[in-house]
Amino acid sequence: MTTTTAPAATTAAGKPLPRQPWNRHLLAIAVLTVLLIPLPLILPPAQASVAVRVLIFALMSIGWNMMSGFGGMFSFGHAAYFGIGAYAGGFLLVEHNVSPWIGMLVGMVIAAAFATLIGFLALRYKLRGAYFALATFAFAEMLRLWATNSEFVNRAVGYHVPLRPESSWWWMQFEPASANYFWIALGLTVIALVVSVQFVRSRAGQFTKAARDDEDAAAAVGIPVMRYKLLTMALSAAITAVAGAFYVQYFLFIDPDLAFGSSVSIQAILPAVIGGVATIWGPVIGAVVMGPLNDVTATILRNPPPALEFLQGRGGLDVIVYGALLIIIVLLLPQGIYGALRKRWSRR
Amino acid sequence: MTSTPDQDHVAAGNGGGVATLDPDELPTAATRTVPWLRIGVIAALIVVAIVLAYVRAGSGVVVVQAVTTGILIGGIYGLVAMGLTLIFGVLDIVNFAHGSFLALALFLTFGLTQAGLHVYLALAVSVPAMFLLGVLVQRGILAGAMGKPLENQLLITLGISLIIENALLLFFGANPRSVALSGDRGVPIFEAVANLSRILAFVGALLLAGLLYLLLQRTRLGTAIRAVAANDTGAQLVGIDTRVIYAVTFALGTACAGAAGTLVAPLVTIEPTTGSLFNIVAFVVVVLGGMGNVVGALVGGLIIGLAEQLGGIYLPGQSPLLSVFIVFVLVLFLRPQGLFRRSA
Amino acid sequence: MTLLRVENLAKSFKGLRAVDDVSFEVTEGSILGVIGPNGAGKTTMFNLVAGALRPDTGRVHLGGKEITGHAPHRITAAGMTRTFQLMRPFYSMTVLENVTVAVLAGGAAKRTARETAAEVIARVGLDKWRDAPTEGLPTAALKRLELARALASKPRVLLLDEVLAGLVPAERTPVMELLERLRTEDGVTLVFVEHIMAAVMRLSDSVLVLDLGRVLTSGAPEEVTRDPRVIEAYLGEDPHAKA
Ligand SMILES: Nc1ncnc2c1ncn2[C@@H]1O[C@H](COP(=O)(O)OP(=O)(O)O)[C@@H](O)[C@H]1O
Ligand SMILES: [Mg+2]
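A few points on the structure. (Residues numbered from 1 in each chain as written. Chains lettered and ligands numbered in written order. Predicted model: local features only at pLDDT ≥ 70, side-chain atom pairs only at ≥ 80, totals over all residues. Heavy atoms only, no water.)

Considerations on the coordination of the magnesium ion (ligand 2)
Residue and element names in this part refer to chain C. The criterion, for reference: Note on donors: an N, O or S atom is included if it sits within 2.8 Å of the metal, or within 3.2 Å for Na, K and Ca, and water is never included, so sites can look incomplete. Helix numbers and strand numbers start at the N terminus; a helix is a DSSP run of H or I with at least 4 residues, a strand a run of E with at least 2. Remark: exposure states derive from per-residue accessible area (1.4 Å probe, protein chains only) relative to the maximum for the residue type, with buried under 20%, exposed over 50%, and partly exposed in between.
The protein atoms donating to the magnesium ion (ligand 2) are T43 (OG1) and Q85 (OE1), with metal-donor distances spanning 2.0 to 2.3 Å. In this pair, T43 is assigned in helix α1 (residues 42-50) and Q85 in the loop between β6 (80-82) and α3 (95-105), connecting sequence segments 42 residues apart. Both residues of the pair, T43 and Q85, count as buried.

Rendered as structure tokens:
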């Protein structure tokens, strides 16, 4: 039960309304963007590709965070949307010679539609908690299995993006170490961040949060809970699909496991959990932590210390570190890095 | 997180006998009735599925083979799922690490057979080892998150599975390995053929499942576990140390995965990711059988084994797992409480 | 004029008849008190009327339109809002944000929503806690928050489930005064479940008594409380002492 721990008494009526953080978030995004633009010109190529990976992680997770963080609907199947984005881009480009930008848009639309369908079923049949997570997982796996065995999308082979003789923005293809890739990823991530700020401050975002906190109370104040939950899911799926569509153009390759595998869903979850679920900056901070790990561990394993000689060239260490990080964060900092920091600040 | 209007009154705790903390209400062993009608319906559905498969395949041998293989592998699924459902029923944890314990047991078995031990004797090592590991993991990691939101537990077990699976990858590499059962051969069953190792794995799984059932139903420990599953606060009030029960239950669950790992070692390619396949199937089985329902898990295992094999006939060219997921999604939507009521 | 009409409402939970053939009418601008021992079915009846539960049988009419089985948000949009017996704030939000959401849900423009919410908060006397997070708020404040959030949607009919319970007597008076003002100044029609007899006597125009899911009796407050059947229904339970 609640007790009478009265917070610091405030002034009498007529006091000014508290300031809202949204414009500060937007300002921070703008400043950060400007600061990051020269990054690929400064960084050596290897590090620049790490930076791109960070942005892909961030983008995936910003999408996940919208549905599972702000919306409170824990998805364990965001690979479905990432994969749809990736496959829409790959399929249209390879089979029909359609620009990846258009493929990206198509992927977003299909992912949003698919999310709405799954969401409708899941909400209609009142799946909650574990059941909801398992259902999202099942749909992603079904897509993976379907893609693996369907001639329509080239079975297990997937798609290789054909190389073009010259760089082109329209075909989103540049020489391998081009800074353009970073700038595109940065642009997409910034748009996603701005969208998430605008979403959270919007009517829809507020309703979604209310429904997450207490569905019945939300309905009782007049919120059509189902509608806003579906909207949130669709938006979330579309953002994660963008990450998938960009991924294909950057790595020039996609197959069912890379697109729809459960490790993809995990990659969408981890940055937000590490950085802070249901916060604007959590996914970004988590992605910054996670992105470089892969390279760090690969470097270690390329020249392991003498005692661990036998591990040379092996893979898996990076994921072990993700796993450990995940456990530590959930146990010790359940609000994530940003969540914990914010709590610190607001205490003062 | 989300809640229903019902909670208004449950939390108010007045009125009728819903959610009371009365220790008299702990479940007793013999007060369960067998849902004959439901069993009949399910059996009828299975028969229909088999007949349809026959129509589709046009060959009796194919169907008999599918049914035989399905039932045999289904027993293993049942054993894996029993462990998983037990953990869910008692600790309320959706354990994503379950399959990785199975993978660990696979590699352990591989190592022991390399060292000259007979496959089935490896059970004597893998089961206690996984039990012990289960205790350690529960006490060391999961205990800190008991009672936290479901997502937290899910993420932690996900972390554990990432660590185990990738530690196997790190140390053993991705090369597939295998364990051979000396004297393994095809055994004719009706018109079908099944490997001896498959039959033995099935029999072993059923025996262990039976043992687990007896343990839950007939021993003091089992009674305590069931009491905690039904109502942990109440169990605590009657003097049960729930911390011990949580640890033991989790360990029993992982021991099931361990036993299954050893039993299937001669049947599967041994890779770090083999476990996750079983994990997926086990989730399906658990939901099918009713989360927390141990007997349901065994029956669900058999049904999913069948679904997987018959699905191969219905959807030729698709992965057998696809039909498993189709069954899963249907069950989730139409009967999320499982085919059978929960009764851990 | 009858604003809310409930006819033969019934709901069973696995054989338990929680609400059993309940009918009543509420005139516009009046206050109906609902009393009855614990487990009588009062909260369930609210859930049925407000759309949180679907009745097995029976009808609910609001302002001449049938709303039986409508989703809760539609019923709120139609002008009837409820509060929860156990306070159910949006826990991640401050008091102001809680009420702002409700104002927005009522269709208000975003620009003015926060000011409107602040006014509602001031009106229920929550100003002191306006910018506080709901976590750790005292019961009295949470009760008022329930009220503020419900008022924010500008209801014509307000269903209040034990808004006074858990308040010390000194805290009750202002809330009762507020309820009276809601009726006189805003013309809100009130249906309130309450165990505190003094409040029932003071506020109600008429009283409905539920027992074991059925309507035991109804009528003017003085008559009803003198009814031997009512006294018997409450026997073994002190109607004046309810946590
Ligand atoms: N969701 C539910 N499931 C089962 N029984 C319920 C449910 N909601 C209420 N009940 C039962 O219905 C009866 C009436 O409860 P309630 O409406 O909360 O009573 P009151 O509000 O008058 O105290 C009680 O016996 C209660 O246990
Ligand atoms: Mg009540």
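Observations concerning the interface of chain A and chain B
The line we're drawing: Contacts are assigned to residue pairs that have any heavy atoms within 4.5 Å of one another. For any pair of parts, buried area is found by adding up, for both, the accessible area (1.4 Å probe) each one loses once the two are put together. Salt bridges, as used here, are contacts in which a Lys or Arg side-chain nitrogen is within 4 Å of a carboxyl oxygen on Asp or Glu. Each polar contact in these results corresponds to two N or O atoms within 3.5 Å; when the atoms are within protein, one needs to be able to donate a hydrogen and the other to accept it, and residues that are neighboring in sequence are counted only if both atoms are side-chain atoms. Residues are grouped as follows: Ala, Val, Leu, Ile, Met, Phe, Trp, Tyr, Cys and Pro are nonpolar; Asp, Glu, Lys and Arg are charged; all remaining types, including Gly, are polar.
Contacts between the two partners involve 49 residues from chain A, matched on the other side by 45 residues from chain B. At the boundary of chain A with chain B, total buried surface from both sides reaches about 4100 Å², with 79% on carbon and sulfur atoms. Contact with chain B buries area across many residues of chain A, yet Y131(A), L134(A) and I327(A) alone supply 15% of it, more than any other trio. Linking chain A to chain B there are zero salt bridges. At the boundary of chain A and chain B, one finds two residue pairs in polar contact (both at pLDDT 80 or more). Breaking the side of chain A that touches chain B down by element, the ones donating at least two residues are α5 (100-124), α6 (129-148), α8 (203-213), α9 (215-220), α12 (262-275) and α15 (317-332) of chain A. Here the side of chain A that touches chain B takes 13 residues from α6(A), the largest share from any one element. Partitioning the side of chain A that touches chain B into residue classes produces 33 nonpolar, seven polar and nine charged.

Topic: unusual backbone geometry
One non-glycine residue, R155(A), adopts positive backbone phi at about 45 degrees. Turning to its location among the elements, R155(A) is positioned in the loop between α6 and β1 (159-160).

Section: the packing of α3(C) against helix α4 (residues 110-123) of chain C
Residue and element names in this part refer to chain C. Keep this limit in mind: Helix axes are fitted to C-alpha atoms over the stretch in contact, other axes to C-alpha atoms as well, and angles between N-to-C directions run from 0 to 180 degrees. Geometric relationships in this document are graded by angle, where less than 35 degrees denotes roughly parallel, more than 145 denotes roughly antiparallel, 65 to 115 denotes roughly perpendicular, and other angles denote oblique. Throughout, a crossing is termed right-handed when the near helix is turned clockwise from the far one, and left-handed when it is turned anticlockwise from it by less than a right angle.
Contact geometry for α3 and α4: axes closest at 8 Å, N-to-C directions at 120 degrees. Between α3 and α4, the angle is such that the two are oblique. Note that α3 runs across α4; the crossing there is right-handed. Seen from α3, the contacting residues are V95, L96, V99, T100, V103 and L104; seen from α4, they are K110, A113, R114, T116, A117, A118, V120 and I121. Its residues placed into classes, the contact of α3 with α4 shows 10 nonpolar, two polar and two charged.

Quick notes on the pairing of strand β3 (residues 31-35) of chain C
All names here are of chain C. The cut-off we apply is this: Strand pairing is defined by DSSP finding a minimum of two bridges between the two strands.
Of all five residues that make up β3, five are buried, and the element is covered over most of its length. Burial along β3 is two-sided: I31, G33 and I35 and L32 and V34, pointing in opposite directions, are all buried. Taken together, the four bridges between β3 and strand β8 (residues 189-193) define a ladder with parallel strand orientation. Within the sheet, the bridge partner assigned to L32 lies in β8 and is V191.

Notes on the sheet that holds strand β1 (residues 2-13) of chain C
For sheets, the rule is that strands pair by backbone hydrogen bonds, running either parallel or antiparallel. Residue and element names in this part refer to chain C. Taken in spatial order, the four strands line up as β2-β1-β4-β5 in an open sheet, and their pairing is antiparallel. Edge positions in the sheet fall to β2 (16-27) and β5 (65-66), since each has one partner strand and no second. Relative to β5, strand β4 (residues 57-62) runs antiparallel, the two being bridged by two bridges. Of the residues in β5, the one forming a bridge with H61 is E66. Here α1 sits on the sheet in contact with β1, β2 and β4, set at roughly 120 degrees to β1.

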